[in-house]
Amino acid sequence: MKDNEFLQGKILPPLIRFAIPLMLSLFLQSLYGAVDLVVVGQFGSTASISAVATGSQLMVAVTAIVTGLTMGVTVLIGQSVGSGDLEKAGNVVCGMLKLFTVVAVTITAVLVAVPEPLARLLKAPESALEGTVQYIRICGAGMIFITAYNGISGIFRGIGNSVTPFVFVAIACLVNIALDLVFVAVLHLDAAGAALATVIAQASSVVFSLAYLYKKRLPFPVRKSGFKAKGVIKKILFVGAPIAMQDFLVSISFLIITAIINGLGVVQSASIGIAEKLFVFLAIVPMSFLSALAAFVAQNTGHGNYRRANSALFRTTAISFVFGLAVFFMTFFGGDILARIFTSDEEVIASTALYFKSCSFEYMIIAVSFCMLGFFNGLGKTPFVMIQGLLSAFAVRIPLSYLFRHLPDTNMFLIGIAVPVSAAASLILCIVYYFIVNKKMRPKQNVDSVTAPAITQTENDKEKTSG
């Protein structure tokens, strides 16, 4: 693995080169999700905005199951590459194909069969109910494409390649924007048109990625015998299921909060939808480092170099916090400007800006906590990641949101206070757990540094003075 920049030499340059395509991928993924809301907001009604906002929140929740399991694939492939066991990496791909097929078929069956009960459970406003049902059913039918895209991207990120997944999502984004304009602006299909555009765009991305794989091949063998390898799915689930469970349940917590706010009316429903759509754009740096650190740490701990992984955490956290501080000022003072990207409805703009006033503090906090979560994911400490996510969401954010929602003369500012408070609870848990993990891993590093195949003491000394 001498050519692997993750395992030797400077730390920041390869990490940043890996993280930038991740940022661009997240940006484009968010863009083609946000374009739905922007186009519907400009060419449809407030009810249509609410329908897309509520329906897409549910899709984020179910997609979280797939992305969580994908993290298991990324980490296992990263560890296999780091240790030089390429046969094992191929077996992980085979296990992923079997597992993801079952997951995609199951989710599709549920979303297509019962979209209306799900929409009612989310308390979609009556004026937006039909559009919400259409959005859920159509996007649910395209779940196979969402699953395939995430699985293929997870494989490439595991081997340290984040550029190729960026190309895949760029194709999806361009197709989605074009089809949104056709289906919504020209044909006036509103929420259903936005859903159709999203599904077709995802399908286009998958077709391209499969063609790419056919021509380029992976840097490790994927054999038929890999489908018979024992314990692979179990390992993917061991690492990925806690992340999937955490991401899913945290997304469910957001759905609960959406339902709480939907009870206030269609204006508040639209404003929370806009704020959540903007979240990924605004948190793009820490979210990218979360994924980048997972791959980097997995490869380095698989290679026996915990010290290098630890160094990467501190360096990325410093960069992430600077961006988090900038986003805090942007959202606190410019929430109304951000809201105008999606709608010209002054009530919705004012409501969204009010919500941002209180939740803006979150962006400074997650700038640190997301990097720590990526570090823990790379170590395979995913049960903790799940536990902290569930505690911050269900023990803090939901109870506070419910409490503030039912205060006399409540407003979006009061409800938004629950956001930074829950983020702070998550950060505290991460800091405490970091000291526990670090205490356990330090002695192990002393042993590993003697046997690590490629990282010598001289290289470790260089890392102390390099990027």
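Conventions and cut-offs
- Residues numbered from 1 in each chain as written.
- Predicted model: local features only at pLDDT ≥ 70, side-chain atom pairs only at ≥ 80, totals over all residues.
- Heavy atoms only, no water.
- Helix = DSSP H or I, 4+ residues; strand = E, 2+ residues; numbered from the N terminus.
- Rg over C-alpha atoms; globule rule 2.2 N^0.38 Å.
- Buried < 20%, exposed > 50% of the residue type's maximum accessible area, 1.4 Å probe, protein only.
- Contact = heavy atoms within 4.5 Å.
- Salt bridge = Lys/Arg side-chain N within 4 Å of Asp/Glu carboxyl O.
- 1 Å grid on protein atoms, 1.4 Å probe; cavity = no way out; pocket = protein on both sides within 12 Å on 5 of 7 lines; lining within 4 Å.
- Points joined across faces, edges and corners; volume = space filled by probe spheres on them.
- Nonpolar A, V, L, I, M, F, W, Y, C, P; charged D, E, K, R; others polar.
- Expected span 1.5 Å × (residues − 1).
- Core = buried A, V, L, I, M, F, W, Y, C linked by side-chain atoms within 4.5 Å.
- pLDDT = per-residue confidence, 0-100.
- Disulfide = S-S within 2.5 Å.
- Patch = residues over 30% accessible without salt bridge, like charges linked within 9 Å, V, L, I, M, F, W, Y side chains within 5 Å.
- Areas by Shrake-Rupley, 256 points an atom, 1.4 Å probe, with all protein chains shown as cover.

Asks: So what's going on with the overall build of the chain? Which residues, and what values?
Replies: Secondary structure assignment for the chain yields 18 helices and 0 strands. Taking 23 Å as the expected radius of gyration for a compact globule of 467 residues, we find that the chain reaches 22 Å, a close match to that expectation. Principal-axis analysis of the C-alpha atoms gives the chain an extent of 65 × 45 × 30 Å. Out of the 467 residues in the chain, the part that is buried amounts to 58%. A separation threshold of at least 6 residues defines the contact pool for the chain, and within that pool the share at least 24 residues apart is 84%.

Asks: Can you break down the pattern of salt bridges residue by residue, with the values?
Replies: Per the stated rule, a full pass over the model turns up 4 salt bridges. In this structure, Arg-223 and Glu-87 form a salt bridge, with 2.5 Å as the shortest nitrogen-oxygen distance. You can see Arg-223 sitting in the loop between helix 8 (190-216) and helix 9 (232-262) and its partner Glu-87 sitting in helix 3 (residues 86-113), a full 136 residues away along the chain. In this structure Arg-223 comes out as partly exposed when scored by relative accessible area, which is 42%. Across the salt bridge formed by Arg-120 and Glu-126, the nearest N and O atoms sit 3.2 Å from each other. Overlapping salt bridges bring together Glu-116, Arg-120 and Glu-126 as one network.

Asks: Residue-level account of unusual backbone geometry, with values.
Replies: In this model, Asp-190 sits at a positive phi of 50°, which is unusual for a non-glycine residue. As for its placement among the helices and strands, Asp-190 is situated in helix 8. Under the relative-accessibility criterion, Asp-190 is labelled partly exposed at 27%. Non-glycine residue Asp-409 carries a positive phi angle of around 55°. Within the secondary structure, Asp-409 is located in the loop between helix 15 (382-405) and helix 16 (412-416). Note on Asp-409: relative accessible area 74%, which makes it exposed.

Asks: Give me the lowdown on the layout of surface pockets, citing residues and values where you can.
Replies: Counted as a void, the largest pocket has a volume near 510 Å³. For the largest pocket, the lining is made up of 18 residues, of which Val-93, Leu-97, Ile-152, Leu-210 and Leu-213 are closest to its centre. Listing elements by their share of the lining of the largest pocket, those giving two or more residues are helix 3, helix 6 (143-158) and helix 8. Counting residues per element, the lining of the largest pocket draws most heavily on helix 6, at 6 residues. Partitioning the lining of the largest pocket into residue classes produces 14 nonpolar, 3 polar and 1 charged.

Asks: I'd like a rundown of helix 7 (residues 163-186), residues and numbers included.
Replies: When the terminal C-alpha atoms of helix 7 are compared, their 34 Å separation across 24 residues agrees well with the 34 Å that a helix rising 1.5 Å per residue should span. Looking one or two residues beyond helix 7, the residue adopting positive phi is His-188, at roughly 55°.

Asks: Any chance you could break down the nonpolar core for me, citing the residues and the numbers?
Replies: In this structure, Phe-375 and Phe-376 are the most contacted members of the largest nonpolar core, which totals 132 residues. Look past the residues within four positions of Phe-376 in its chain and what remains in contact with it is Lys-381, Thr-382, Phe-384, Val-385, Cys-430, Tyr-433, Tyr-434 and Val-437.

Asks: Describe the environment of Ile-159, and please don't skip the residues or the numbers.
Replies: Within the secondary structure, Ile-159 sits in the loop between helix 6 and helix 7. Owing to a relative accessible area of 22%, Ile-159 belongs among the partly exposed residues under this scheme. As for Ile-159 and Gln-79, which are separated by 80 residues in sequence, their C-alpha atoms are 9.3 Å apart. For Ile-159, the contacting residues outside a window of four places in its chain are Ile-77, Val-81, Pro-219, Phe-220 and Gln-299.

Asks: Give a description of the confidence of the model for the chain that names residues and reports values.
Replies: Looking at the chain, pLDDT values average 82 and 93% of them are 70 or higher. Model confidence for the chain, summarised as mean pLDDT per element, is weakest for helix 18 (residues 457-465) at 41 and strongest for helix 14 (residues 362-379) at 92. Overall, residues 446-467 carries pLDDT values under 50, and its contacts beyond four positions in sequence, including any with other chains, amount to 30 contacts.

Asks: Lay out the state of the cysteines with the relevant residues and their values.
Replies: In the structure shown here, the tally under the stated rule is 0 disulfides. The cysteine Cys-139 is free of any disulfide, with Cys-173 supplying the nearest cysteine sulfur at 15 Å.

Asks: Explain a nonpolar patch on the surface to me, using residue names and the numbers behind them.
Replies: Together, Val-182, Val-186, Leu-187, Leu-189, Leu-196 and Ile-200 give the surface a local cluster of nonpolar side chains, amounting to about 470 Å² of exposed area. Sorting the residues of the nonpolar patch by element identifies helix 7 and helix 8 as the ones contributing at least two each. With respect to the helices and strands, the residue Leu-187 is situated in the loop between helix 7 and helix 8. The partly exposed category is assigned to Leu-187, whose relative accessible area is 48%.

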